[in-house]
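# Descriptive structure summary
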Amino acid sequence: DAKTTQPTSMDCAEGRAANLPCNHSTISGNEYVYWYRQIHSQGPQYIIHGLKNNETNEMASLIITEDRKSSTLILPHATLRDTAVYYCIVRDRDDKIIFGKGTRLHILP
Amino acid sequence: SAVISQKPSRDICQRGTSLTIQCQVDSQVTMMFWYRQQPGQSLTLIATANQGSEATYESGFVIDKFPISRPNLTFSTLTVSNMSPEDSSIYLCSISPVWEQFFGPGTRLTVL
C-alpha cells in the first residue's frame, strides 16, 4: 500500500505558484520523499526528491516539515503544461516505487 | 537520463491469446520493474525483474499469468497470458539506476 495521502484534485491559476501537499506520517528515517508527475498518455516523470532538507531544482521546490511527516511540492509559476497527476512517494533509496492515487492538478488559463 | 523503449506501443488482441511486450534500455541496469495502469487508475507494480534470477511478483500477480524474462542487463519481456478484457491496460517498464526511476513510454493493450 502507498504510504502517502494526497488530495484527489487541485486547481491553480496559470502563472501562480502551485502548492501540492502530501502527508506521510509513517515515514521511516531512511526513506526519501519523491515526487513524480504523469502527463496524459505519458510515462511518469521524475520531479524531485529529498530526505529532510528542502530541495530546489529547475522544475520545482520541495519543502519537508521538520518532523518529516508531511511535505509540499511547489511549482513556482504554473503553466498549462503542468496539468498532470502528481504522485508523492516515500521510498528507501534502493526500494521499488509504489504509487498512490496522486493529485490531479488542473492549471486554469 | 536513461532511454527506455517498448514494443509494441499499442496492440489490440483477442481474448484467450497472449502478448509479449519488450523493454529495451540504453544502459545496463540491475533491476527492472513492470507496472500496469488500468484506465483512469494509478500505476500498480506487477513485478521486479533482476538479471539472472526469477522475477519477484507483487501480491495479486502470478508468474503463470505474467511471465517475465530478463536475459541480460538491458532487456526484459513481459508476457500477458490468456488475456481477458480486464487485462486492457497500459503496461510500463521502468528502471532505477541511481536516485531517479525512469519509465518507458508504455504499451497500450486492448483486449476484445
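This one's a predicted model, so the numbers in the text were calculated from it and none came from an experiment. (Residues numbered from 1 in each chain as written. Chains lettered and ligands numbered in written order. Predicted model: local features only at pLDDT ≥ 70, side-chain atom pairs only at ≥ 80, totals over all residues. Heavy atoms only, no water.)

### Points about the environment of Gln-28 of chain B
Residue and element names in this part refer to chain B. To be explicit about the condition: The helix count covers DSSP runs of H or I at least four residues long, the strand count covers runs of E at least two residues long, and both are numbered beginning at the N terminus. Burial classes: relative accessible area under 20% of the type maximum marks a residue as buried, over 50% as exposed, and values in between as partly exposed (1.4 Å probe, protein chains only).
Tracing the sequence through the fold places Gln-28 in the loop between strand S3 (19-25) and strand S4 (31-37). Judged by its relative accessible area of 63%, Gln-28 falls in the exposed class. Gln-28 sits 14 residues away from Gln-14 along the chain, and the two C-alpha atoms are 35 Å apart.

### Here we look at the pairing of strand S7 (residues 70-75) of chain A
Residue and element names in this part refer to chain A. Applicable threshold: Here, any two strands with at least 2 DSSP bridges between them count as paired.
Residues Ser-71, Leu-73 and Leu-75 line the buried face of S7, whereas the alternating positions Ser-70, Thr-72 and Ile-74 sit on a face that is not buried. Pairing between strand S2 (residues 18-23) and S7: 6 bridges, direction antiparallel. Across the sheet, Ala-18 pairs through a bridge with Leu-75, a residue of S7. Pairing between strand S6 (residues 61-64) and S7: 4 bridges, direction antiparallel. Within S7, the residue paired with Leu-62 across the bridge is Leu-73. As consecutive antiparallel partners, S6 and S7 are separated by 5 residues, and within that stretch Arg-68 has a phi angle of approximately 65 degrees, a positive value.

### A few points about the interface of chain B and chain A
Selection rule: Whether two residues are in contact is decided by their heavy atoms, any of which lying within 4.5 Å being enough. The term buried area refers to how much accessible surface (probe radius 1.4 Å) is lost by two components on association, counted for both of them together. What counts as a salt bridge is simple: a side-chain nitrogen of Lys or Arg found within 4 Å of a carboxyl oxygen of Asp or Glu. Polar contacts, as counted here, are pairs of nitrogen or oxygen atoms within 3.5 Å of one another; within protein the pair requires one atom able to donate a hydrogen and one able to accept it, and residues that are adjacent in sequence qualify only if both atoms are side-chain atoms.
Chain B puts 17 residues into the contact, and the matching count from chain A is 19 residues. Together, Trp-99, Gln-101 and Phe-103 of chain B form the three largest contributors to the area buried by chain B at its contact with chain A, with a combined 37%. For the pair chain B and chain A, the interface holds 1 salt bridge. With its nearest N and O atoms 2.9 Å apart, the salt bridge here joins Lys-96 of chain A to Glu-58 of chain B. At the boundary of chain B with chain A, the tally comes to 6 residue pairs in polar contact (both at pLDDT 80 or more).

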